[in-house]
Amino acid sequence: MGRRRPGTPTLEEVAARAGVGRGTVSRVINNAAGVKESTRRAVQQAIAELGYVPNLAARSLAGRRADAVALVMTEPDWRQFAEPFFSEIVTALGDAVADTGLQLLLTLVRSDAERLRFLEYARGGRVDGVLLMSVHADDPLPDMLAEARMPTVLLGRRSAEEYVSYVDADNVGGARTAVGHLLDQGRTAIATITGPADMYVAQCRLRGYHEALELAGLGGKPSWVAEGDFTEESGRRAMARLIERHPEIDGVLAASDTTAAGALQALRAAGRRVPEDVAVIGFDDFPLARRTAPPLTTVRQPLEEIGRAMVRLLLEEMEEPSVAWRHVILRTELVLRESA
C-alpha cells in the first residue's frame, strides 16, 4: 500500500479536526447509517479542509463498516425459541432497526465453539454492533465482545454487577406490585413459580415476590417457591407440586405468561377455580395473556420501548464509544384482567 507521503493527512488528523473519534470518520467515509447529520457535516468539512484522500485498498482489506448489526440469541435450550418472548422481542428489535437503514442479522450462539466463531466473525468487520438476548449468569460472550471493543447492548443483565451496556425492565418492582395486588385482594397463601435460577431476570422477580411478602409481615418459605424455566410445561408441573405441598394456596405469581398458562391448566385439573379459589398473575403481557381462560392479569414488560432503547444505545456507541457503559431500566405496569 506504500509509505505515506510527508504531509499527507491521516484519518486521526481528520478525527481531531472534526472533534470526533476515528471510528466516526470511518463511518462517514463509508456512508454508514447511524451518524448524526451535524457530525457527518463536520467530518466532511474536515476532510475537505485537510485534503484527506481515503486509502481505498486499506478500507477494502479492513472491511470497515458493514451497515449491519447482529441479534445474538444465546439460549442453549432449543425449546425456548418456541416461547412467545423470543418472537415478541425479535419483532420489537426488528421494528426499531428498520428505521436506521442497518441490516439485522439473527445469530444463534449456544456453545464455546460458537462463541469463538462469532467473536472472530464480529471482529472481522462483518457487523458494526451486537444486540445480545437471553444471556445466562455465566455467559462470557459479553466480556469477550467488550474486550474486543465491539459495541454491544444486552437485553437484561447477567447480575447486579453487570457493566456492559444493557436495557432492562424493573422486574423487582413489577413482581412486588403484582404480589401487593394479591395481598390487597385478601390473599395470604401466595406462592410463586420462578424462571431459571441462573438468569438474573428470574432472580429479580423472585426478589420482588419476597419483598412484597416481607412488607406485609408474612415472610416467605422455600416450600412456597417452585422453579420453572419460563415454559408452559414447567408452569403446569410446578403448579401441581405447589398444590400438593400447600392445598391452602390462594394466590400465585408466575414468572412469565407462558408459565402462568401452564399453572392455569394444573389448577383446572385439580378442580380449583380461578380466581375464586386461586388468583393467578403472570409476567410480560404477551398476546397469550388475553387468550387464556380466564384472561390473565399480568405485569406488562414494555418490549417495544425496550427494543427502541437497545437500538438507540447501540447506535450511540457505534457512532462514538464513550468511557462509560449505559444502563437503562424501564418501568413495568400491572395489567388487570379476570385471573386476579
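Cut-off values and rules
- Residues numbered from 1 in each chain as written.
- Predicted model: local features only at pLDDT ≥ 70, side-chain atom pairs only at ≥ 80, totals over all residues.
- Heavy atoms only, no water.
- Helix = DSSP H or I, 4+ residues; strand = E, 2+ residues; numbered from the N terminus.
- Buried < 20%, exposed > 50% of the residue type's maximum accessible area, 1.4 Å probe, protein only.
- 1 Å grid on protein atoms, 1.4 Å probe; cavity = no way out; pocket = protein on both sides within 12 Å on 5 of 7 lines; lining within 4 Å.
- Points joined across faces, edges and corners; volume = space filled by probe spheres on them.
- Nonpolar A, V, L, I, M, F, W, Y, C, P; charged D, E, K, R; others polar.
- Pairing = 2+ DSSP bridges.
- Axes fitted to C-alpha atoms, helices over the stretch in contact; angles between N-to-C directions.
- Contact = heavy atoms within 4.5 Å.

A. Region of the structure containing the environment of arginine 268. Within the secondary structure, arginine 268 is located in helix H11 (residues 257-269). On the accessibility criterion, arginine 268 (48% relative accessible area) is partly exposed. Spatially, the C-alpha atoms of arginine 268 and alanine 293 are 9.9 Å apart, while their sequence positions differ by 25 residues.

B. Region of interest: empty space enclosed by the protein. Across all of its chains, the model carries one cavity of 30 Å³ or more by this definition. There is about 40 Å³ of room inside the largest cavity. Elements that contribute at least two residues to the lining of the largest cavity include exactly strand S6 (190-194), helix H9 (200-215) and strand S8 (251-254). Grouping the amino acids of the lining of the largest cavity by side-chain chemistry returns seven nonpolar, two polar and one charged.

C. Structural context of unusual backbone geometry. With an omega dihedral of 10°, the bond running from valine 274 to proline 275 counts as a cis peptide bond. Note that proline 275 resides in the loop between H11 and strand S9 (279-284). One non-glycine residue, serine 134, lies in positive phi territory at about 60°. On the secondary structure map, serine 134 appears in the loop between strand S3 (129-133) and helix H7 (141-147). Residue serine 134 is classed as buried on the basis of its relative accessible area, which comes to 8%.

D. Molecular detail of the sheet that holds S8. Pairing is mixed across the open sheet formed by six strands, whose spatial order is S7-S6-S8-S9-S10-S12. Here the strands that pair on one side only, and so sit at the sheet edges, are strand S7 (225-227) and strand S12 (333-335). Taken over all neighbouring pairs, the strand axes of this sheet differ in orientation by 20° on average, direction set aside. Bridge count between S8 and S9: three bridges; the pairing is parallel. Looking across to S9, one finds that valine 252 is bridged to valine 280. Along the sheet face, H9 touches S6, S7, S8 and S9 and points at about 170° away from the line of S6. Against the sheet, helix H10 (residues 232-245) touches S6, S7 and S8, its axis set at about 150° to S7.

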